[in-house]
Each structure stands twice: as structure tokens, then as C-alpha cells.
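Next come the chains, spelled out residue by residue.
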Amino acid sequence: MSQKALVLEKFGTPLVLQTRPIPEPKQHQILLKIIAVGLNPHDQKIRDYGIIINPDHLPYITGNDIAGVVENIGPDVTAFKRGDRVFAQADTSTPDGGGTQQYTVVLADLVAPIPRFLSFGEVATLPTIAMASFVALFHPSGLGLPAPYSKERESFDYQRHNLLVIGGGSNCGKLAIQFARLVGFGKIITLAAKTPEKEAELKELGATHILDRRAEDVAEQCRSIIGDGLLYALDTVNHGPTAHTLGVSLLSNREKGTLATLLPGGVDESKVGNKAAGYEVKFSQGSGHLHRELGQEFWKHLPGWLEVGKIRTLRYRTINGLDEKVVNEALDVYRDGGSVMKANVHPHESS
Ligand SMILES: NC(=O)c1ccc[n+]([C@@H]2O[C@H](COP(=O)([O-])OP(=O)(O)OC[C@H]3O[C@@H](n4cnc5c(N)ncnc54)[C@H](OP(=O)(O)O)[C@@H]3O)[C@@H](O)[C@H]2O)c1
């Protein structure tokens, strides 16, 4: 049995359409008919620079945010059956596990049912960005805070603490704000482009203070809200040799604070102030496959959080069909910068 797939044959070249075999699900795997796959900035970075993936894994299939219908299950899968509507994050460490194809296999313990009232397209906006912000907040490779479902959360006074999210306007930032509200942080301060619409949106998601990221005195504004007590910050957007200077400078000077980041970068020590108790910067990776235990809990709880409206899906546009030109252009928008509307590809539609 064969299928259509958009494949990366060589780094720095466009994705191309190929015919590929439909895989067989192994023991704990599920074969999915993909209805929608969400594209992310890293799909462009994989295509153009080969980040994250092993060069031995070329040809490679991109697209991590998968929503579809269970077509077949491996012999050890009991939690799902043929016809179930599910969503999942693809495993970037396998060459053909991605979503820009018509069928793929996913691990049964990193899959969740789609709430009845949500569409395939809506949930395909979430897996990578939700996992990335979840890992950055709740895994020891990030801020290591007590997870929403954990025993430790009962004795952790979230209300007493504040969270700074640099990049609230990014999709990862929007999810981080929602998770921060879910656990009950006191103040949730975010730096984003400040338009009335954006401000209203971020407030709706849970931000208590939105500061204009382009304001010259943004650091002073932030300190006037949080004083010197900030222990937890997350930067979802900045990268480069001195990219995390602002985030670190806003951490407490007298207590040890931590800045989690979704992109690697450095700090200009001369501009962060006197951190008497030190500080930490932690770059975390939002993969449920890499952080399996946290990933399993995430997928177990995500549908419930969606059901009660604690986590919301994001805005997106749809690309019908595995159209080489249109999908590569959607990735080019990430490369060229500017404002990006998240795109979902529907691999079974005709373009
Ligand atoms: N480590 C991981 O596992 C992981 C996982 C997912 C994503 N990422 C990376 O995280 C980054 C964000 O991903 P995404 O999907 O959330 O991107 P996105 O939604 O496309 O974010 C773009 C938005 O970020 C905001 N922004 C840009 N520069 C900023 C700055 N200097 N300060 C504050 N806000 C700024 C802008 O919004 P406003 O103009 O509205 O402020 C911009 O529209 C990407 O580079 C991606 O590759 C990493």
C-alpha cells in the first residue's frame, strides 16, 4: 500500500512530493490517517539548516502536529480503536514519523482523543507549542515547577509567585500564559507587541500585565510591577549571543532565579546586574518523546483541559493537499520573518 508524502531529501532544498509505503504499526504504535498537520517554525529550520534531526535520517518527513483517525493499531494497543479521532506529536528522531504525508505511525502513550467539540484543524495547532511551553515550565530541563496534576503542586503556593513570559505574542508564549494561569501564578507578565487586539487576546488567555516589547523602558516597567522578586521567567522567542540578557536582568538580584528558553542563546554579563545568589538559564526542548513520563501525563490531561476551556486552540489557516509549492511557501514565511498565521496542511484533500 502506498501514499503521498512531502519529503525533505537534502537540507537547504524544498520539500518534494513522493510516493512512499504506508507503514505497519508495531507493538505499541497506532497507524493514523492524517487529516490535518500543523506547521511550525522548526519545520522551516529543519528544511533550510537541518536543525534537530540526524543527517542520517534523510530523506525526512517534517510536520509534528498531527490530528487524524486511527486506521490500525499494533498488537499491544488497548486504549484506542479503529475510527477514533486523535491527535499527537510526531517523533522528530525518526525519519518517516512526520505529518506531511497521508498516513503515519505514532506511539500510543503519546496520543490523546480529540474532544468532541473540536475539529482536526483546531487541535493540530497545539502539540508542539503546547508541549514546548509545558516542558519549559514543568520539566527539570526548564523551570522544573510542580506540574498541574502533581502532588507537589498542592503544597506549592503558585499565587505567591510571578511568571514573566518574553514573547507572549508567539504561539508558544500564548500556551505558556495559559498553563501559567492553569496552575495559578500570581502575576503573569508578558512582553509582546502591544495593540488593543493583542492586549485583549493575551488578557483573555490569562496574562495579568502586557508590556510593549518595543518600549525603550520595558525593563523598568517590568521591574515596577514585579520588584526584585522574580524567580521564574520564560523566553519563547529570542536567540543569539546576548539574546537572554533582558530575561536574566529581570530575575531577582538577591534570590536565585531561572530563565527557561525555547531557543539557545547567551547573556551579556555586564548588563544583568549583580545577581548575588546567581541565576540559571535553561534551554528546554518540547518533545514528549524526549521527556516520556511528562509527555504521557501531558497527553493524558490535555483533552480534559481543553474540555473545560483551560487551554484553548489557536488561530490557523488551511492548506488543502500536499501541494509542494504552497507548503514550501508557508515555510518560507517563517524564514523571511514578519507576521505568520499558523498553517495546517490537509494531506488527503486535493489542492
Ligand atoms: N525548544 C523547543 O522545543 C521549541 C518548540 C517550539 C518552538 N520553538 C521555537 O520557539 C520560537 C517561537 O515559536 P512559535 O511557534 O511560538 O513562533 P511564532 O508564533 O511564529 O512567534 C512569532 C511571534 O513572536 C513574537 N516575537 C518575535 N520577536 C519577539 C521579541 N524579540 N520579543 C517578544 N516577542 C517577539 C512576535 O509576536 P508579537 O509581534 O505579537 O509580539 C511574532 O509574531 C521559534 O523560534 C521556534 O522555532 C522551540
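The rules behind the values
Residues numbered from 1 in each chain as written. Predicted model: local features only at pLDDT ≥ 70, side-chain atom pairs only at ≥ 80, totals over all residues. Helix = DSSP H or I, 4+ residues; strand = E, 2+ residues; numbered from the N terminus. Rg over C-alpha atoms; globule rule 2.2 N^0.38 Å. Buried ≥ 20, exposed ≤ 12 C-beta atoms within 10 Å, placed from the backbone. Contact = placed C-beta atoms within 7 Å. UniProt positions renumbered as here; feature names shortened; annotations may be inferred. Near = placed C-beta within 6 Å. Nonpolar A, V, L, I, M, F, W, Y, C, P; charged D, E, K, R; others polar. Domains from an automatic or database assignment. Expected span 1.5 Å × (residues − 1). Axes fitted to C-alpha atoms, helices over the stretch in contact; angles between N-to-C directions. Parallel < 35°, antiparallel > 145°, perpendicular 65-115°, else oblique. Left-handed = near helix turned anticlockwise from the far one by under 90°. Pairing = 2+ DSSP bridges. Bend = angle between axes of the 7 residues up to and from the residue.

## Some details on the overall build of the protein chain
From N to C terminus, the protein chain includes ten helices and 15 strands. What you see for the protein chain is a C-alpha radius of gyration of 20 Å, in line with the 20 Å of a compact globule of 351 residues. Dimensions of the protein chain, computed from C-alpha atoms along their principal axes, come out at roughly 65 × 40 × 40 Å. Within the protein chain, the fraction of its 351 residues that count as buried is 44%. Here the contacts in the protein chain between residues at least 6 apart in sequence split such that 70% fall between residues at least 24 apart.

## Details of the UniProt feature "domain: Enoyl reductase (ER)" (unreviewed entry) in the protein chain
The UniProt entry lists residues 12–341 under the feature "domain: Enoyl reductase (ER)" (unreviewed entry), expressed in the numbering used here. Spanning residues 12–341, this segment combines 29% helix with 21% strand, and its end C-alpha atoms are found 23 Å apart.

## Considerations on the site of the ligand
In the neighbourhood of the ligand, 26 residues make up the surrounding shell, with Ala132, Gly169, Ser170, Ala193 and Gly286 lying closest. For the shell around the ligand, the class distribution of residues is twelve nonpolar, twelve polar and two charged. A domain-level breakdown of the shell around the ligand finds at least three residues from each of domain 1 (2–126 + 313–346) and domain 2 (132–283).

## Here we look at helix H5 (residues 171–183)
For H5, which comprises 13 residues, the first-to-last C-alpha distance of 19 Å matches the rise-based estimate of 18 Å (1.5 Å per residue) to within 8%. Burial runs high along H5: ten of the 13 residues are buried. Asn171, Cys172, Gly173, Lys174, Leu175, Ala176, Ile177, Gln178, Phe179 and Ala180 are the residues of H5 that are buried. Packed against the buried residues of H5 are helix H3 (127–138), strand S8 (163–166), strand S9 (188–192), helix H6 (196–205) and strand S11 (232–235).

## What about the packing of H3 against helix H9 (residues 292–307)?
Two elements in contact, H3 and H9, have axes separated by 11 Å at closest approach and are oriented at 120°. Put simply, H3 runs oblique to H9. Every pair of crossing elements has a handedness; the one defined by H3 and H9 is right-handed. For the pair H3 and H9, contact is made by Ala130, Met131, Phe134, Val135 and Phe138 and by Leu294, Phe298 and Leu302, respectively. Looking at the contact of H3 with H9 residue by residue, the classes come out as eight nonpolar, no polar and no charged.

## Comments concerning the sheet that holds strand S12 (residues 257–261)
Spatially, six strands are ordered S10-S9-S8-S11-S12-S13 in an open sheet, and the strand pairing comes out parallel. Lying at the two open borders of the sheet, with one neighbouring strand each, are strand S10 (209–212) and strand S13 (279–283). Going across the sheet, the axis of each strand differs from the next one's by a mean of 20°, ignoring polarity. Sheet analysis places S9 next to S10, joined by four bridges and oriented parallel. When the bridges of S10 are listed, Leu191 appears paired with Leu211. Packed on one face of the sheet, helix H7 (residues 218–226) meets S8, S9 and S10 and runs near 160° to S10.

## Some thoughts on H9
An α-helix turns once every 3.6 residues. As a result, residues three or four positions apart point the same way. Here H9 contains 16 residues, and its C-alpha end-to-end distance of 24 Å stays within 8% of the 22 Å for a straight helix at 1.5 Å per residue. The largest bend along H9 reaches roughly 35° and is located at His301, with the proline Pro303 sitting one to four residues downstream. Among all positions of H9, only Gly295, Phe298, Trp299, Leu302 and Leu306 are buried.

## Focus on the environment of Tyr316
One can find Tyr316 in the loop between H9 and strand S14 (317–320). Here Tyr316 falls in the partly exposed class, since 19 other C-beta atoms lie within 10 Å of it. Separated by 191 residues in sequence, Tyr316 and Thr125 have C-alpha atoms that sit 7.1 Å apart. The contact partners of Tyr316, leaving out residues within four places of it in the chain, are Gly38, Gly121, Thr125, Met341, Lys342, Ala343 and Asn344.

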